[in-house]
Amino acid sequence: MKVCIACGMPMKVQSDFAMGNPDKDYCVHCARPDGEMQSYEEKLDSLSGFIVKTQGLDPQAARKIAQGMMEKLPAWKKGD
Ligand SMILES: [Zn+2]
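Let me begin by describing the structure that accompanies this report. (Residues numbered from 1 in each chain as written. Predicted model: local features only at pLDDT ≥ 70, side-chain atom pairs only at ≥ 80, totals over all residues. Heavy atoms only, no water.)

## With respect to the overall build of the protein chain
No. 1: Looking only at helices and strands, the protein chain features two helices and two strands.
No. 2: Listing every helix and strand of the protein chain by position from the N terminus yields β-β-α-α.
No. 3: For 80 residues, the compact-globule estimate of 2.2 N^0.38 gives 12 Å, and the C-alpha radius of gyration of the protein chain, at 13 Å, lies within 12% of that figure.
No. 4: Each principal axis of the C-alpha distribution contributes one length, and for the protein chain these read about 35 × 30 × 25 Å.
No. 5: The buried share of the protein chain, reckoned over its 80 residues, is 28%.
No. 6: As displayed, the protein chain offers around 5300 Å² of accessible surface, 55% of which is attributable to carbon and sulfur atoms.
No. 7: Distance from the positive charge centre (11 side chains) to the negative charge centre (11 side chains) of the protein chain: 5 Å. (Helix = DSSP H or I, 4+ residues; strand = E, 2+ residues; numbered from the N terminus. Rg over C-alpha atoms; globule rule 2.2 N^0.38 Å. Buried < 20%, exposed > 50% of the residue type's maximum accessible area, 1.4 Å probe, protein only. Areas by Shrake-Rupley, 256 points an atom, 1.4 Å probe, with all protein chains shown as cover. Lys, Arg positive; Asp, Glu negative; His and termini not counted. Charge placed at Lys NZ, Arg CZ, Asp CG, Glu CD.)

Structure (C-alpha cells):
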C-alpha cells in the first residue's frame, strides 16, 4: 500500500490519490486543484489548521507539531 509522501495518509482507493491517479505519490488532500503537490508552506498551514481544529491547540503550538510531523515525511525531508 502506498502512503502519501506529503502527509503520511495511507492511500487505499483510487480516489485517495491526487487527481484519482494511482501513479501519484501524494494524496488528494495534498494536491492543489490543478493536481500539483502543495508547497511546504501550504501544507504546513493546512496541517496546522487541522491540528487547531481537532486538538484545540493554539495556532503557534499547532504549527510546531505540524512541522515535527512533516519533518518525518519523504516530501519534506531536509538534506541528502
Ligand atoms: Zn497527503
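Now, onward.
## Some points on the coordination of the zinc ion
No. 1: Coordination sphere of the zinc ion, protein contribution only: Cys4 (SG), Cys7 (SG), Cys27 (SG) and Cys30 (SG), at 2.2 to 2.3 Å.
No. 2: Classification of the site at the zinc ion rests on its four donor atoms, whose angles at the metal span 106 to 116°, yielding the label tetrahedral.
No. 3: Under the relative-accessibility criterion, Cys4 is labelled buried at 1%. (Donors = N, O, S within 2.8 Å, 3.2 Å for Na, K, Ca; no water. Tetrahedral: all angles 85-135°; square planar, octahedral: opposite > 155°, others 65-115°.)

## A look at the packing of aromatic side chains
No. 1: Applying the stated rule across the entire model yields one aromatic pair.
No. 2: Pairing Tyr40 with Trp76 gives two aromatic rings, centres 5.5 Å apart and planes at 75°, and the pair type is edge-to-face. Here Trp76 lies in the segment after α2 (59-71) and Tyr40 lies in helix α1 (residues 40-55), a separation of 36 residues in the sequence.
No. 3: With a relative accessible area of 10%, Trp76 lands in the buried category. (Phe/Tyr/Trp six-rings, centres within 6.5 Å; stacked < 30°, edge-to-face > 60°.)

## Describing the environment of Arg63
No. 1: Note on placement: Arg63 falls in helix α2.
No. 2: By relative accessible area, Arg63 is classed as partly exposed at 30%.
No. 3: Between the alpha carbons of Arg63 and Ala75 there is a distance of 18 Å; along the sequence they are twelve residues apart.
No. 4: Discounting chain neighbours no more than four positions away, the residues touching Arg63 are Glu41, Leu44, Asp45 and Ser48. (Contact = heavy atoms within 4.5 Å.)

## Concerning the nonpolar core
No. 1: Core analysis: the largest hydrophobic core is formed by 17 residues, its most contacted members being Cys4, Tyr26 and Cys30.
No. 2: Secondary structure elements with two or more residues in this core: α1 and α2. (Core = buried A, V, L, I, M, F, W, Y, C linked by side-chain atoms within 4.5 Å.)

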